[in-house]
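The primary structure of each chain is shown beneath.
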Amino acid sequence: MKLIKLNAIDSTNDFLKGLSLTQELQNFTVVSAENQTKGRGQMGSVWNTEASKNLIMSVFVKDVVLNPNGIYQLNIATALAMVQVLKTFNIKNLSVKWPNDIMSANFKIGGILIENTFKTSGHISSIIGIGLNVNQTNFDDLPKASSMAVVADAVFNKEELLVLIVEQLKENLLEIHSNSQELWSNYLRILFKKGVPMPFKVKEKSFMGIITGVSAAGKLILLLEDDSFAEYGIKEVQMLY
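The present account deals with the structure reproduced in this document. All values derive from a computational prediction rather than experimental measurement.

On to unusual backbone geometry. A cis geometry characterises the amide bond from Trp-98 onward to Pro-99, with omega recorded as 0°. Position of Pro-99 among the secondary structure elements: in the loop between strand 4 (94–97) and strand 5 (101–104). One non-glycine residue, Asp-63, lies in the positive phi region at around 55°. Classification of Asp-63 as partly exposed rests on a relative accessible area of 35%. The phi torsion at Asp-153 lies on the positive side, around 55°, for a residue other than glycine.

Quick look at the structure:
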């Protein structure tokens, strides 16, 4: 693992993406930053973080997924890696809120943003952005956010967390080829509110639904009140919780 540490950057994903355009990067090149001024979440949403308190990192991987149809497996492997590591630090009630939020009970403590590049040669490279609230304790403007420190009433070593997450990610990515069914099963087992009737909203229309799973393409599968099933892509549906 090659680690590049930065003090402040607009986006670790953007920095790593720019680096990949100018040089040949080795697998699992990692960029971390103490402060990120323009952090992004899914579909352009904003990721705010308090300087020096949290883990902000991006990981470069290439040729892990060989087919664009299997690209969502990167999300699964990454989300599971975060949950697996957090469990070892006694963080309770962990789950993954589709598509990429890491939850402790009803509070978001982490998020993932994966950006993929598909080359004409067939090669696929990906930048896996990870944000994890570690030692931040003030979330006055973010009522649905929390951190490891708040949940466990302790202070954590961010560098240790980075190494452990990358090592677990490596293991999980190997399983994409050797044991992908087990990855899927473990991911579906920890889906936030799976099997629980919940209110959802599409545009301005609210309705009840039950999460039953996620499709191979990464779409959320809901069982609706009329016993039909519907699939929704990222940002097409909002869970009201």
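Overall, the coordinates contain seven aromatic pairs when judged by the stated rule. Ring geometry for Tyr-72 and Tyr-187: centres 6.1 Å apart, planes at 80°, overall edge-to-face. Within this pair, whereas Tyr-72 is found in helix 2 (residues 72–88), its partner Tyr-187 is found in helix 5 (residues 180–189), the two being separated by 115 residues in sequence. Per residue, the accessibility class of Tyr-72 equals that of Tyr-187, and both read buried.

Those residues of helix 1 (residues 12–22) not exposed but buried are Thr-12, Asn-13, Leu-16 and Leu-19. Mapping the buried residues of helix 1 onto a view down its axis gives an arc of 125°, with all of them on the same face. Within helix 1, the exposed residues directed more than 90 degrees away from the buried face are Leu-21 and Thr-22. For helix 1, the N-terminal capping position is held by Ser-11, with its side-chain oxygen 3.3 Å away from the main-chain nitrogen of Asn-13.

Basis of the calculations
Residues numbered from 1 in each chain as written. Predicted model: local features only at pLDDT ≥ 70, side-chain atom pairs only at ≥ 80, totals over all residues. Heavy atoms only, no water. Helix = DSSP H or I, 4+ residues; strand = E, 2+ residues; numbered from the N terminus. Buried < 20%, exposed > 50% of the residue type's maximum accessible area, 1.4 Å probe, protein only. Phe/Tyr/Trp six-rings, centres within 6.5 Å; stacked < 30°, edge-to-face > 60°. Arc of directions from axis to C-beta. Polar contact = N/O pair within 3.5 Å; in protein donor to acceptor, adjacent residues only side chain to side chain.

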